[in-house]
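Structural features, examined
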Amino acid sequence: MNEVLNIIKVGIADLKFVSAPDRIRTSGLGSCVGVVLFDPRKQLAGMAHVMLPDSHMAKQEKMNRFKYADTALDDLLRGLTDNGASKFRMKAKIAGGAQMFSFKTSSDMMRIGPRNIEAVKEKLAQFHIPIIAEDVGGKSGRTIVFDPSTTDLHIRKVNHGEVTI
Amino acid sequence: MTFSQRLTDMHLDVLKEIGNIGAAHAATSLSKLLDKKIDMRVPAVRLVEFDEVMELAGGTEKEVVSVFLRIEGEAPGNMFFILSPEQGEAFVERMTGIKGVRFDGEDELAVSALQELGNILSGSYLTALSDFTKLDLYPSVPSLSLDMVGAILTFGLIELSQVSDQAIVIETSLTDVDHAEAEDIEGHFFLFPDPQSYYPLFKSLGVSSYE
């Protein structure tokens, strides 16, 4: 009677997939952006915890593709279509990209939250995948949980309560 | 070789010494501020995955009060002083004599008092570090935030994340001697030097094999 419900945990600069009735979550998103791609009919979804906007920023020999908006979204889309999801039914929900701290500095890194949001939106536009809901920007960290059976994205913020989009 | 594979035990010892000296000075400052004996724990230097960094501070979702400052100068980096909200309130109450302080944004006095506390502590940490290494280091104006550990600390890893998937965490904690057994940790310092800062740091301390 009681189906065991798993919650799949996505770490920092990580990417995972889920199918109903399981859920998928990532916690403590600050300037990072949580991107959920899902096929509502198949009840399949994937979530990426994107840390940086562009893989061209990488100065590593062995790059982690899940860390960057462009490569993470490529892998997210491919992983879902490989599992039978349709690109034409695919939708996106995104959350995160906060500016946690604000003060004057020469470092461009202060704007990393907004830059991550822009990069994710640009990539989704290239794929022609619509963003049907978003909760981005602001100054608060977020923990997000996605349920592929209802396509609800549940968001919790410290001192700002909880919302479902 | 990757950024982290070049580190030897000697390098880690040097970093531990940096944490040691910085936090010892911060402990003295805190002791004066609160008129209380403050102890410092043996510093830890760890090379860990990003997710483990968050675990060291209580887990990604744990709510903390954090004072963040950017270090500019010859060895740039990010520094965080992290407390639980309850400990932050206790610190401010002790410092100001005012009861019932809160950090939810309404109480400007509490926020500015803790910001000042963070400023003094990180300032003395950084001054000690600067004296020890003879490097010019300047702190930015500190920024206070009450939020989740993950949201706060990830920000300090942005520079590093472009070259590595691991972070060197130089961590030191200050504890209140009288309540050492009741509250395990009172305050945590996390120092994340930018990747390009390791060379000047090691060089200044006579460990030159790191390139």
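Under an unreviewed UniProt entry, chain B has the name Chemotaxis protein CheC and belongs to Halobacillus salinus.

For chain A, the name recorded in an unreviewed UniProt entry is Probable chemoreceptor glutamine deamidase CheD, with Halobacillus salinus as its organism. Turning to chain A, the UniProt annotation filed under Catalytic activity (unreviewed entry) states: "L-glutaminyl-[protein] + H2O = L-glutamyl-[protein] + NH4(+)". What the UniProt record of chain A gives under Function (unreviewed entry) is the line "Probably deamidates glutamine residues to glutamate on methyl-accepting chemotaxis receptors (MCPs), playing an important role in chemotaxis."

**Here's the deal with the environment of B:Met148**
Inspection of the secondary structure puts B:Met148 in strand β6 (residues 143-148). Residues contacting B:Met148, with those up to four places away along its chain left out, are A:Gly28, A:Gly141, A:Arg142, A:Thr143, A:Arg156, A:Lys157, A:Val158, B:Thr60, B:Glu61 and B:Lys62.

**Digging into the sheet that holds strand β1 (residues 7-9) of chain A**
All names here are of chain A. A sheet is described by the order of its strands in space; here 5 strands give the open sequence β1-β3-β8-β9-β10, paired in mixed fashion. Each edge of the open sheet carries a strand with a single partner, namely β1 and β10 (161-164). Averaged over neighbouring strand pairs, the angle between their axes works out to 20° when direction is ignored. As judged from the 6 bridges shared by strand β8 (residues 142-147) and strand β9 (residues 152-157), these two strands associate in the antiparallel manner. Counted as the bridge partner of Asp147 is Asp152 from β9.

**Observations concerning the interface of chain A and chain B**
Between chain A and chain B, the contact holds 39 residues from the first and 33 residues from the second. Together chain A and chain B conceal approximately 2900 Å² of surface at their shared face, both sides included; 59% is due to carbon and sulfur atoms. At the junction of chain A with chain B, the criterion picks out 4 salt bridges. One salt bridge connects A:Lys67 with B:Asp165, and the closest N-O pair in it is separated by 2.8 Å. For the interface between chain A and chain B, the tally reads 10 residue pairs in polar contact (both at pLDDT 80 or more). Mapped by element, the contributors of at least two residues to the side of chain A that touches chain B are β3 (23-29), β8 and β9 of chain A. A per-element tally of the side of chain A that touches chain B places β3(A) first, with 4 residues. Counted by class, the side of chain A that touches chain B contains 15 nonpolar, 15 polar and 9 charged residues.

**Overview of the sheet that holds strand β4 (residues 33-39) of chain A**
Residue and element names in this part refer to chain A. Spatially, β2-β5-β4-β6-β7 is the arrangement adopted by the 5 strands of the open sheet, whose pairing is mixed. Only two strands of the sheet have a single neighbouring strand rather than two, namely β2 (15-19) and β7 (131-136). Adjacent strand axes in the sheet meet at a mean angle of 15°, parallel and antiparallel pairs treated alike. Bridge count for β2 against strand β5 (residues 44-50) is 5 bridges, and the pairing is antiparallel. Along β5, the bridge assignment pairs Phe17 with Gly46. Packing of helix α1 (residues 69-82) onto the sheet brings it into contact with β2, β4 and β5, and relative to β5 it is tilted by some 165°.

**Remarks on the pairing of β10(A)**
Looking down a regular strand, the side chains alternate between one sheet face and the other. All names here are of chain A. Across 4 bridges, the pairing between β9 and β10 is antiparallel. Following the sheet pairing, His154 is matched in β10 by Thr164. Here β9 hands over to β10 after 3 residues, with Asn159 in that stretch at a positive phi of 65°.

Procedures and definitions
- Residues numbered from 1 in each chain as written.
- Chains lettered and ligands numbered in written order.
- Predicted model: local features only at pLDDT ≥ 70, side-chain atom pairs only at ≥ 80, totals over all residues.
- Heavy atoms only, no water.
- UniProt positions renumbered as here; feature names shortened; annotations may be inferred.
- Helix = DSSP H or I, 4+ residues; strand = E, 2+ residues; numbered from the N terminus.
- Contact = heavy atoms within 4.5 Å.
- Pairing = 2+ DSSP bridges.
- Axes fitted to C-alpha atoms, helices over the stretch in contact; angles between N-to-C directions.
- Buried area = accessible area lost by both parts, 1.4 Å probe.
- Salt bridge = Lys/Arg side-chain N within 4 Å of Asp/Glu carboxyl O.
- Polar contact = N/O pair within 3.5 Å; in protein donor to acceptor, adjacent residues only side chain to side chain.
- Nonpolar A, V, L, I, M, F, W, Y, C, P; charged D, E, K, R; others polar.

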